[in-house]
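# Structure at a glance
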Amino acid sequence: MEFIEFDSFQDDEIAQPQPALSISIPSNIETLSKRIPNLNGFKNLLNFEDKSSEPQTQTIASEKSVESDQSSEKYAQISLKIIDHDADSKEVPISAEYNLTTRLSKVLNNNINDKLVKEIFNLELNETELIDSSVMGSLSRKKLRSKIEVNLIKNQSVFLKEFSPMVKQFRSMDNKLTQLNKLSDTNNERLHDIFQDLEQFNKEFKALNEQKTLVSLKKNLLVNFKKKFILNEYEEFSISSNEVNEEFFKALVKLDAINEASSILLSIDNSNLGMNIMKKISNLIDRSNHTLSTFVKRSLIYPVWVNSDTKLKNFHNSVKFLKTRSPHSFDQVLQDFATDRSKSLIEDFNRQTEILGAHDPVRYIGDLLAYVHSMVINEIELMNSIFKVNEREMKHESFITQDDIKMFTECITILLDKIFDRLSRSIKSRFEQLISLELKIKVVYSIFNLFDLYKLMFEKNFTNSNSLTRTIRELISFTQLRLFDLTHNNLKSIKTSNSAQLDLNSDLQPPEWIIDFYSDVLPIVEQSNTTFDSVFGLDEERQAMFLSSIVNEPIDILNQHIKMKEFGSLEKIILRLNSIDLILSKILPINVFNDMVIELNDLIESLKEQAISQQLDSLLKMCKMYDFHNIINMILPFDDSFFDVSIYEPISENNTFNAQSINLINDSLSEYLPTAVIDIQNNLLKLNNPLISNDIGENLSLSFVKFYLKFNLIIEQYLDKKLIWSDTEAATLLGVEDAYGEIKKHLNMDL
Amino acid sequence: MVAPPARTCGAFLARWVPSLANPAGAAPALSPSPLKSRILPNLKYSSFPPSMSTNDKSNILRKYKIVFLGDQGVGKTSLITRFMYDTFDEQYAATIGIDFLSKTMYLEDNKTIRLQLWDTAGQERFRSLIPSYIRDSNVAIICYDITNKKSFDNLDKWISEVKLERGEDVIIVIVGNKSDLNNKRQVSAEELETLGKSIENCSIYLETSTKANHNIKLLFKKIAKSLPEFNSDSGAQNKPETIDITIETTTGGENSYSCC
């Protein structure tokens, strides 16, 4: 038995309408009734579409099939709805579809047993006859056979009769379908034609579209080319109109962009285009550069616009573009501006030198320096007002970048350097001239002080490398040299001066020129030493040289002048002592002279020794002891630390060493020694410093007494005689008894 | 007011753009706005360029030189600092030489002046520089410390110095600073008034405190009122240096404010 298989679905599966069943009626027509016991129901199912138009079919169905009909109709309607709404909605009533499938399965797959088949075909069988092997049996079997066949035919006829309306319907449908097919063919043909037309249209459309793309590409290229390589009329006008404004700078930006990109045009097939564009651009660039250069130059001549933000912005933009596009022109403009400014300032300065009164050189230079200071301040303010980019300018849309701001700052520095460079030279030459003409050390020192103060102030405003700061430093050096020169020249003129020599007279006082010289020099040395770290800010070596020159040179000159005078040796010593003592007293309070003070003290000591020696000789001569003093010193010079009379025994061999000589000495001593102190004091009376005078007197007396003591011992030893006075008495007569008493305690002599 | 030719920088002043006739206005209120103005240099040209517009000419900024004098430590620098930056530094730092600061003041009725403030050092070492700066000043502000009688006594010396340099062609202003230290006062307000009245061309004398910001703006307002441009009596005398200044009307009101 053949079975028709149907899909079965689970409850949650989505069921779709099944295709129409294909039942092979002709081949299975004999067994159809067996297979399909509920055929009527199935027929109703198949004819559900014609149910309303052909009600006669319903009459065939039994009551049971009526019920089945209703169900089938219900299922069919659900199916139709599904079909109708298939396009509108994908959702399918799952339960209806499921029910239809289930029912069809039940109808078509029921098992039919033999008994039921017998009932269906109304077979009343006599099985005995049928199985009889006789003719009767054969007849019975044939009869059964024909009966079955008749029955079958009958059944088939009935069955087929039922299909007759369907056949009619199919035929009617066949016509309609044929017409439909024809219509379909016609439509197909028309569709084919339309399709062909459409295809043609598409081809043309595609071609046109491609053409359009090419055209728009070309258009875009041209537009971009125009944008990139060609200025519009307005932009050209903006550049050519010589008016510097926002539009001009926008056009410049484009012009520069074209210029930058135009080299690529030379590589295209038609290089003439590139050449022409480049030529035009080049002309415009030259023209715009000229406009910029003229504008910047003109703006700098009369910078009356600096308080207009718009004008200032235009100026800054112009400077920026000029520097970028034509650095040479930019440098030239700046150079011209700096030259004009410095020329103007120099004229002002020179005029000022004529206006100001020069009767007081220090005040005159001070006023000039103050004027220069004002000029410097004004110039800095001017440069800042012209070139400094303010915050307001940067707030709005601006061509100025941070790099440009840096460039403007550099511009200010460069300009100020250039302007002040020339001005500095003028200032320097003028001041050097003034300083060179000045002969007074004090005045030059005051000028030096002024320069030093202005150096401090200029260094606050400028860098060390600035020409003005440099010039001030050079002027300070120049003034230092001038102070050296003036000092040296002053001494040089004193050296050759007759009046200076005439200053030296018998009063043995220091010459006037020494007083004048130190009155000039020392106050400024002292003042500069307190103001600066060193004298005039000189380095150690130069300071030592300067200090040495202002101490030693006058002493040398004095010595030369003294040599030329016919003074006695003591007078010369006293004159030198007086002068050196004066110098020492002058330099002593100034601590930078400490080394020189030591030197001068040594010199004074040396001169004192000379004076003592000279006065001792004189005293010995007056006491007739001078020759014996020499003889004894020839044998062995006296030493305070050691004395032995026996050493001086050789003196007894001297012819002059006799009692007669000693008597003469005693006579002289008794006559002269009591008044010797007055003589010594008279000789040293012209010494200005009483300490030196006292020192010389005391030391020479002590020297005399010490000799006196030793000489007396020698006489006693070898002549058995004595001097008129004891050593203590001699000391008392010379006024040094106390000092001698102290010394005698320490004398190491074998008395 | 024209300084004697031999002792002034008259030529320097004259080469600045000449001052224009200026009607005396009402009492101006001061509006400091340091960022607004820029300075025109002492141009070498004796007149405006022909191309200069009337607008350009009408914006000539007058520049006045004010020199601050007085003994060391009386508060000259702090007075300037308070005026310029509205700050006060407790730390004392002696001025070296001569310091310079400038400030543009925007006044009511669109008048603008530029004040160049020259701050002198009180130290004796720098004393020799000062006469050269007094020489071409329009105003001399002489300061003393109300807690230091000596600084008040020395005012005579400073006034003499100013008169020696400028004669009567200067506005002398006497300022008694440190008025916040009333408990240490050594100079009374009456003494200041007596001195102020006794000096011929001293129309302004007042006590200030830079620390407490007392009377500073009033001081400069009074000075501005007494300056030649705003004083009809002064006429064409003592023309100050002039500087061009153009104020854009679009931004003019933003940064100006009345300080008095």
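Residues numbered from 1 in each chain as written. Chains lettered and ligands numbered in written order. Predicted model: local features only at pLDDT ≥ 70, side-chain atom pairs only at ≥ 80, totals over all residues. Heavy atoms only, no water.

The name given to chain B in an unreviewed UniProt entry is Ras-domain-containing protein, and the organism recorded there is Candida tenuis. Looking at the Subcellular location (unreviewed entry) heading of the UniProt record, one finds this comment for chain B: "Endomembrane system". (UniProt positions renumbered as here; feature names shortened; annotations may be inferred.)

You'll find chain A entered in an unreviewed UniProt entry as Conserved oligomeric Golgi complex subunit 6, with Candida tenuis given as the organism. The UniProt entry for chain A carries the following comment under Sequence similarities (unreviewed entry): "Belongs to the COG6 family."

Moving on: the overall build of chain B. The helix and strand tally for chain B stands at eight helices and eight strands. Evaluated residue by residue, chain B yields a buried proportion of 57% over its 260 residues. Of the roughly 10,600 Å² that chain B leaves accessible, carbon and sulfur atoms contribute 51%. (Helix = DSSP H or I, 4+ residues; strand = E, 2+ residues; numbered from the N terminus. Buried < 20%, exposed > 50% of the residue type's maximum accessible area, 1.4 Å probe, protein only. Areas by Shrake-Rupley, 256 points an atom, 1.4 Å probe, with all protein chains shown as cover.)

This brings us to the environment of A:Gly366. Structurally, A:Gly366 is set in helix 14 (residues 361–387). Judged by its relative accessible area of 5%, A:Gly366 is buried. Spatially, the C-alpha atoms of A:Gly366 and A:Ser446 are 9.7 Å apart, while their sequence positions differ by 80 residues. Once you skip the residues sitting within four places of it in the chain, A:Gly366 turns out to touch A:Leu450, A:Tyr454 and B:Ser132. (Contact = heavy atoms within 4.5 Å.)

Once that is clear, we can look at the packing of helix 12 (residues 309–325) of chain A against helix 16 (residues 402–437) of chain A. Residue and element names in this part refer to chain A. Packing of helix 12 against helix 16 brings their axes to within 11 Å, and their N-to-C directions diverge by 90°. Between helix 12 and helix 16, the angle falls in the class roughly perpendicular. On the side of helix 12, the interface is formed by His316, Val319, Lys320 and Lys323, while helix 16 contributes Asp404, Met407 and Phe408. Residues of the contact of helix 12 with helix 16, tallied by class, amount to three nonpolar, one polar and three charged. (Axes fitted to C-alpha atoms, helices over the stretch in contact; angles between N-to-C directions. Parallel < 35°, antiparallel > 145°, perpendicular 65-115°, else oblique. Nonpolar A, V, L, I, M, F, W, Y, C, P; charged D, E, K, R; others polar.)

All names here are of chain A. The set of residues buried in helix 24 (residues 626–635) consists of Phe628, His629, Ile631 and Ile632. When helix 24 is viewed along its axis, its buried side chains cluster within an angular range of 165° and face the same direction. Looking at helix 24, the residues exposed on the side facing more than 90 degrees away from the buried face are Asp627 and Met634. Looking at the packing, one finds that the buried side of helix 24 touches helix 23 (594–622), helix 25 (659–683) and helix 26 (690–718). (Arc of directions from axis to C-beta.)

All names here are of chain B. As defined by bridge partners, strand 6 (residues 171–177) adjoins strand 7 (residues 204–207) across four bridges and the pair is classed as parallel. Bridge pairing links Ile174 to Tyr205 in strand 7. At this point the chain moves from strand 6, through helix 7 (residues 189–198), to the parallel strand 7, and the crossover so formed is right-handed. (Pairing = 2+ DSSP bridges. Right-handed = clockwise from strand over helix to strand, strands pointing away.)

This brings us to a negative patch on the surface. Together, A:Asp185, A:Glu189, A:Asp193 and A:Asp197 line one region of the surface with negative charge. Looking at A:Glu189, the relative accessible area reads 53%, which means it is exposed. (Patch = residues over 30% accessible without salt bridge, like charges linked within 9 Å, V, L, I, M, F, W, Y side chains within 5 Å. Salt bridge = Lys/Arg side-chain N within 4 Å of Asp/Glu carboxyl O. Lys, Arg positive; Asp, Glu negative; His and termini not counted. Charge placed at Lys NZ, Arg CZ, Asp CG, Glu CD.)

This part is about the confidence of the model for chain B. All names here are of chain B. Of all residues in chain B, 64% have pLDDT values of 70 or greater, and the mean over the chain is 72. Within the model, pLDDT remains below 50 along residues 232–238, and this stretch shows 12 contacts once partners closer than five positions in the same chain are excluded. Confidence over residues 243–260 falls short of pLDDT 50; this stretch has 65 contacts with residues more than four positions distant or in other chains. The ipTM for the predicted assembly is 0.73, set against a pTM of 0.66. (pLDDT = per-residue confidence, 0-100.)

Below, the discussion takes up the packing of aromatic side chains. In this structure the tally under the stated criterion is 24 aromatic pairs over all chains. Ring geometry for A:Phe225 versus A:Phe229: centroids 4.8 Å apart, planes at 35°, classification tilted. Here A:Phe225 and its partner A:Phe229 are both found in helix 8 (residues 135–229), four residues apart, which amounts to about one turn of the helix. The same class applies to A:Phe225 and to A:Phe229, which are both buried. Both rings, one in A:Phe517 and one in A:Tyr518, keep their centres 5.1 Å apart while their planes meet at 80°; by these two values the pair is edge-to-face. Residue classification places A:Phe517 among the buried residues on the basis of a relative accessible area of 1%. Here the aromatic residues A:Tyr445, A:Phe448, A:Phe484, A:Phe536 and A:Phe546 are joined through ring pairs into a cluster of three or more. Lying across the ring of A:Tyr626, A:Lys621 places its NZ or CZ 4.8 Å from the centre. Positioned above the aromatic ring of B:Phe83 is the side chain of B:Lys103, whose terminal nitrogen or guanidinium carbon lies 4.9 Å from the ring centre. (Phe/Tyr/Trp six-rings, centres within 6.5 Å; stacked < 30°, edge-to-face > 60°. Lys NZ or Arg CZ within 6 Å of the ring centre and 35° of its normal.)

This part takes up the nonpolar core. A general tendency of soluble globular proteins is for nonpolar side chains to be buried together. All names here are of chain A. One finds Phe387, Phe593, Met625, Phe704 and Phe711 to be the most contacted residues of the largest nonpolar core, which totals 204 residues. It is helix 14 that provides the largest number of residues to this core, a total of 15 residues. Once you skip the residues sitting within four places of it in the chain, Phe387 turns out to touch Leu300, Phe315, His316, Val319, Leu334, Phe337, Phe408, Cys411, Ile412 and Leu415. (Core = buried A, V, L, I, M, F, W, Y, C linked by side-chain atoms within 4.5 Å.)

This brings us to the pattern of salt bridges. All names here are of chain A. According to the stated counting rule, one finds 27 salt bridges over all chains in the structure shown. Across the pair Asp421 and Arg470 runs a salt bridge whose closest N-O atoms are separated by 3.8 Å. A residue pair is termed long-range when its members are at least 10 positions apart, and Asp421 in helix 16 and Arg470 in helix 18 (residues 467–495) qualify at 49 residues. Residue class for Asp421 comes out partly exposed when judged on its relative accessible area of 29%. The class of Arg470 is partly exposed, set by a relative accessible area of 34%. When the shortest N-O distance is used, the salt bridge between Glu459 and Arg473 registers 3.9 Å. Of this pair, Glu459 sits in helix 17 (residues 441–461) while Arg473 sits in helix 18; the two residues are 14 residues apart in sequence, bridging distant segments of the chain. The exposure class of Arg473 is partly exposed, given its relative accessible area of 30%.

Residue and element names in this part refer to chain A. Residues of helix 9 (residues 233–240) that are buried include every one of Glu235, Ser238 and Ile239, and no others. What you see down the axis of helix 9 is that its buried residues fit within an arc of 95°, all on one side. Opposite the buried face of helix 9, at more than 90 degrees from it, the exposed residues are Glu233 and Phe237.

A cluster of nonpolar residues, A:Phe170, A:Met173, A:Leu177, A:Leu180 and A:Leu183, forms a patch on the protein surface that exposes about 480 Å² of accessible area. Looking at where A:Leu177 falls in the secondary structure, it is placed in helix 8.

A separate point is the environment of A:Glu236. Residue and element names in this part refer to chain A. As for its placement among the helices and strands, Glu236 is situated in helix 9. Put simply, Glu236 and Ala251 are 15 residues apart on the chain and 7.5 Å apart in space, counted from C-alpha to C-alpha. Not counting residues up to four positions away in its chain, the partners in contact with Glu236 are Leu231, Lys280 and Leu284.

Let's shift gears to the side chain of A:His561. Among the structural elements, A:His561 can be located in helix 21 (residues 540–563). Note on A:His561: relative accessible area 1%, which makes it buried.

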